[in-house]
Amino acid sequence: MSWRSRRPSLSSAGRAAAVLVALLAALQVTRAALPAGPQAYAIVASPGVPVSALSLEEVRRIFLMRKRFWKPGDVVTILLPPAKSQTRAFMLSRIYQLDEPGLRRMILEKMYRAEIDLAPKVVGSDSETVDFVAGSRGLVGLVPAEAAAGSPARVLRVDGKLPGDEGYPLVE
């Protein structure tokens, strides 16, 4: 008995399925290797927030927890993207201009100096950020622009521009 006789044979349908699986795997690898276009990020705020536009410097002041009120009595509450997400990496580099340990240290220092009561909430996903912001008061977060499309959360202008406009500053 040779080794070929012990090998199970594949039916033509089985071979076709195996080829299809191999092709799909190759397509996924190829698709992942393609460079993505520029990713725009949107600042989303609760519907009742009394502003519609911020400068990039004001965005930094909000996320650095230096601006704590939208207006007297309306507290600014920030949401942070999940750790190790692309949104978090963008936020760290473009808005905070810190690395992850630097952000943690800044938050702990602000808590120690009683500048803030609690650390900002870290959400599980971009869609969770949009849902929280849309359903709460005074919240603000950063999400990929397409995650905010069609949401009741307000997309704020940054430096007078919306995501997709020429010269919008929050583009990766």
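Residues numbered from 1 in each chain as written. Predicted model: local features only at pLDDT ≥ 70, side-chain atom pairs only at ≥ 80, totals over all residues. Heavy atoms only, no water.

1. Quick look at the pairing of strand E8 (residues 154–158)
Then, number 1: Relative to E8, strand E1 (residues 41–45) runs antiparallel, the two being bridged by 3 bridges. Bridge pairing in E8 places Ala-45 opposite Arg-154.
Then, number 2: Looking at chain direction, strand E2 (residues 53–54) and E8 are connected through 2 bridges and run parallel. Of the residues in E8, the one forming a bridge with Ala-53 is Arg-157. (Pairing = 2+ DSSP bridges. Helix = DSSP H or I, 4+ residues; strand = E, 2+ residues; numbered from the N terminus.)

2. What about the packing of aromatic side chains?
Then, number 1: Scanning the model with the defined rule gives 2 aromatic pairs in all.
Then, number 2: Arranged with centres 4.2 Å apart and planes meeting at 15 degrees, the rings of Tyr-41 and Phe-90 form a pair that is stacked. Linking Tyr-41 in strand E1 with Phe-90 in helix H4 (residues 86–96), this pair joins segments that are 49 residues apart in sequence.
Then, number 3: Assessed through its relative accessible area of 1%, Tyr-41 is described here as buried.
Then, number 4: For Phe-90, a relative accessible area of 2% puts it in the buried group.
Then, number 5: Taking 6.4 Å as the distance between ring centres and 80 degrees as the angle between the ring planes, the aromatic pair formed by Phe-63 and Tyr-96 counts as edge-to-face. Of this pair, Phe-63 sits in helix H3 (residues 56–63) while Tyr-96 is found in helix H4, placing the two residues 33 residues apart along the sequence. Tyr-96 shares its class with Phe-63; the two are buried. (Phe/Tyr/Trp six-rings, centres within 6.5 Å; stacked < 30°, edge-to-face > 60°. Buried < 20%, exposed > 50% of the residue type's maximum accessible area, 1.4 Å probe, protein only.)

3. Details of the side chain of Thr-129
Then, number 1: Residue placement: Thr-129 occurs in helix H6 (residues 126–134).
Then, number 2: Ignoring anything within four residues of it in the chain, the contact list for Thr-129 reads Val-44, Leu-79, Val-123, Gly-141, Leu-142 and Val-143. (Contact = heavy atoms within 4.5 Å.)

4. What about the environment of Glu-57?
Then, number 1: Following the sequence through the fold, Glu-57 ends up in helix H3.
Then, number 2: Among the residues examined, Glu-57 registers a relative accessible area of 45% and is labelled partly exposed.
Then, number 3: C-alpha separation for the pair Glu-57 and Asp-159, spaced 102 residues apart in sequence, amounts to 9.0 Å.

5. Details of the packing of H4 against helix H5 (residues 100–112)
Then, number 1: One way to put it is that H4 packs onto H5 with a least axis distance of 10 Å and a crossing angle of 70 degrees. As the angle between them shows, H4 and H5 are arranged roughly perpendicular. The chirality of how H4 crosses H5 is left-handed. Facing H4, whose interface residues are Arg-88, Leu-92 and Tyr-96, H5 presents Glu-100, Leu-103 and Met-106. (Axes fitted to C-alpha atoms, helices over the stretch in contact; angles between N-to-C directions. Parallel < 35°, antiparallel > 145°, perpendicular 65-115°, else oblique. Left-handed = near helix turned anticlockwise from the far one by under 90°.)

6. Focus: the pattern of salt bridges
Then, number 1: In the structure shown here, the tally under the stated rule is 7 salt bridges.
Then, number 2: Between Glu-100 and Arg-88 there is a salt bridge; the shortest N-O distance is 2.4 Å. On the criterion of sequence distance, the pair formed by Glu-100 in helix H5 and Arg-88 in helix H4 is long-range, its members being 12 residues apart.
Then, number 3: Notably, a salt bridge pairs Arg-104 with Glu-100, separated by 3.9 Å at the nearest N-O pair. You can see Arg-104 and its partner Glu-100 sitting in helix H5, 4 residues apart, about one turn around the helix. (Salt bridge = Lys/Arg side-chain N within 4 Å of Asp/Glu carboxyl O.)

7. Here we look at the confidence of the model for the chain
Then, number 1: When pLDDT is averaged along the chain, the result is 85; 79% of the residues meet or exceed 70.
Then, number 2: Counting contacts from residues 29–35, a segment whose pLDDT is below 50, to residues more than four positions away or on other chains yields 0 contacts. (pLDDT = per-residue confidence, 0-100.)

8. Considering the pairing of strand E5 (residues 77–80)
Then, number 1: Note: E5 against strand E7 (residues 139–144), 2 bridges, orientation parallel. When the sheet's bridge partners are listed, Ile-78 is paired in E7 with Val-140.
Then, number 2: By the bridge criterion, 2 bridges tie E5 to strand E6 (residues 121–122) in an arrangement that is parallel. For Leu-79, the partnering residue across the bridge sits in E6 and is Lys-121.

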